[in-house]
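Single-letter residue listing:
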Amino acid sequence: MSLKRALIFLGPPGAGKGTQAKQIAKNCGIPHLSTGDMFRDAISRGTELGKQVKPIMGRGELVPDDLVMKMVEERLSRPDCAQGFVFDGFPRTLGQAAQLDRILEERGFSKPLVIDLAVSEDKLMRRLTGRWTCSLGGEIYNVYDAPPKRPGICDVDGGKLVQRLDDRPEVVKERLAAYERQTKPLTDYYREKGVLETIDAGAGVGEVNRALRQVLNGDKRS
Ligand SMILES: [Zn+2]
């Protein structure tokens, strides 16, 4: 399965975006790109951009668009991106989306294909608030879908299971609402351009991957 196209994944927390994006990149033999990985790589290599970004990330602040775009443009100019690539968690803003369009055009790419992984709020709440982690070994359980044998206790090492602050219902609700607010303009932008494909990501990982591959194969024929 070859792509020769930029693929962009959008999806709320709990939709399995990272898992699907990595799997599709592997299926297509193209790089999986996330700006977080790019920044960490630039920092560890000590590049000029890395030096600029390090203190910003160190303070836990958002990296400004111009630095993000410099990093993305440099990354896309490398040979491994010539056959296409998968973006995971980028673009985040309309400004970034418009600049990405310009870069793609300059590099002779056609319009990106944007995959929106859709999951009902009920299902997302269940996936996210059901997640409990072992305080000893880090094993992850879902009290609804993959519960431990004894409630609150890890099957592997008997460690106590704890819920991350991020996974508590009131925090999850806020995370989902924030995602909606941030992403609505982006999905509108790509829908207007006719490049948005919505995939039902409420099913299991394998089933969603099959649906994605179907969309990509259909896309190649058109
Ligand atoms: Zn454990």
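Preceding this section is the structure that the text describes.
Residue positions are given per chain, counted from 1 along the sequence in the order it is written. For a predicted model such as this one, the threshold for reporting local features is a pLDDT of at least 70, and the threshold for listing and counting side-chain atom pairs is 80 or more; totals across whole chains, interfaces and linings nevertheless cover every residue. Each side-chain value is worked out from all heavy atoms of the structure, with water and hydrogens disregarded.

A. Quick peek at the overall build of the protein chain. Strands are runs of DSSP state E lasting at least two residues, helices are runs of H or I lasting at least four, and both sets are numbered from the N terminus onward. When you go through the protein chain residue by residue, the secondary structure sums to eight helices and eight strands. Each radius of gyration is computed over the set of C-alpha atoms, and the globule rule expresses the reference value as 2.2 Å times the number of residues to the power 0.38. Against the compact-globule benchmark of 17 Å for 222 residues, the protein chain has a radius of gyration of 19 Å, which places it among compact chains. Only heavy atoms matter for contacts: two residues are in contact if any of them lie within 4.5 Å across the pair. For the protein chain, the proportion of contacts with a sequence separation of at least 24, taken over those separated by at least 6, is 70%. A residue counts as positive if it is Lys or Arg and as negative if it is Asp or Glu; His and the chain ends are not included. Taken as the charge location is NZ of Lys, CZ of Arg, CG of Asp or CD of Glu. In the protein chain, which carries 36 positive and 31 negative side-chain charges, the distance between the mean positions of the two groups comes to 4 Å.

B. Quick look at the coordination of the zinc ion. Within the protein, the atoms that donate to the zinc ion are Cys134 (SG), Glu139 (OE), Cys154 (SG), Asp157 (OD) and Asp157 (OD), at distances of 2.1 to 2.6 Å. Between the donor residues of the zinc ion, the gaps in sequence give the motif C-x4-E-x14-C-x2-D. With a gap of 15 residues between them, glutamate 139 in the loop between strand 5 (131-134) and strand 6 (140-142) and cysteine 154 in the loop between strand 6 and strand 7 (161-162) connect regions that are remote in the sequence. By relative accessible area, glutamate 139 is classed as partly exposed at 22%. Exposure is judged per residue with a 1.4 Å probe applied to protein chains only, and the accessible area is read against the type maximum: over 50% gives exposed, under 20% gives buried, and values in between give partly exposed. Residue class for cysteine 154 comes out buried when judged on its relative accessible area of 3%. Donor selection uses N, O and S atoms within 2.8 Å of the metal (3.2 Å for Na, K and Ca). Since no water is included, sites may look incomplete.

C. Fine view of the packing of aromatic side chains. Here a pair means two rings of Phe, Tyr or Trp (six-membered ring of Trp) with centres within 6.5 Å. Their orientation is stacked below 30 degrees between planes, edge-to-face above 60, and tilted elsewhere. Taken as a whole, this structure holds four aromatic pairs when the rule is applied. Measuring from centroid to centroid gives 5.1 Å for tyrosine 189 and tyrosine 190, while their planes differ by 75°, and the two rings are edge-to-face. What makes tyrosine 190 buried here is its relative accessible area of 0%. Ring-pair connections join several aromatic residues into one group, and the members of that group are Phe85, Phe87, Phe90 and Phe109.

D. View of the sheet that holds strand 6. Taken in spatial order, the three strands line up as 6-5-7 in an open sheet, and their pairing is antiparallel. Of all the strands in the sheet, the pair left with one neighbour each is strand 6 and strand 7. In this description, strands pair whenever DSSP reports at least two bridges between them. With two bridges joining them, strand 5 and strand 7 adopt antiparallel strand pairing. Paired with cysteine 134 across the strands is leucine 161, a residue of strand 7. Axis lines are fitted to C-alpha atoms, over the contacting stretch for helices. Their N-to-C directions set the angle, which ranges from 0 to 180 degrees. Of the strands in this sheet, strand 5 and strand 6 are in contact with helix 6 (residues 121-129), which crosses strand 5 at around 15°.

E. Fine view of unusual backbone geometry. Residue proline 91 is reached from phenylalanine 90 by a cis peptide bond, and omega for that bond is -5°. Inspection of the secondary structure puts proline 91 in the loop between strand 3 (84-88) and helix 5 (94-106).

F. Quick peek at the packing of helix 2 (residues 35-45) against helix 4 (residues 65-76). Relative orientation of the contacting elements helix 2 and helix 4 amounts to 85°, with a least axis distance of 10 Å. Judged by the angle between their axes, helix 2 and helix 4 are roughly perpendicular. Between helix 2 and helix 4, the contacting residues are Thr35, Met38, Phe39 and Ala42 on the first element and Leu67, Val68, Met71, Val72 and Arg75 on the second. Counted by class, the contact of helix 2 with helix 4 contains seven nonpolar, one polar and one charged residues. Working definition: roughly parallel below 35 degrees, roughly antiparallel above 145 degrees, roughly perpendicular at 65 to 115 degrees, and oblique for all remaining angles. Polar here means any residue other than Ala, Val, Leu, Ile, Met, Phe, Trp, Tyr, Cys and Pro, which are nonpolar, and Asp, Glu, Lys and Arg, which are charged; Gly is therefore polar.

G. Spotlight on the pattern of salt bridges. For this document, the term salt bridge refers to a Lys or Arg side-chain nitrogen within 4 Å of an Asp or Glu carboxyl oxygen. Scanning the model with the defined rule gives 16 salt bridges in all. The closest approach of N and O atoms between aspartate 41 and arginine 45, which form a salt bridge, is 3.1 Å. Placement of the pair is aspartate 41 and arginine 45 together in helix 2, with a separation of four residues, close to one helical turn. Among the residues examined, aspartate 41 registers a relative accessible area of 29% and is labelled partly exposed. As a salt-bridge pair, lysine 193 and aspartate 101 come within 3.7 Å of each other at their nearest N and O atoms. Of this pair, lysine 193 sits in the loop between helix 7 (169-192) and strand 8 (196-200) while aspartate 101 sits in helix 5, and the two are 92 residues apart along the sequence. Of the residues examined, lysine 193 reaches a relative accessible area of 38% and is grouped as partly exposed. The buried category is assigned to aspartate 101, whose relative accessible area is 15%.

Purely geometric numbers; function is a separate question.
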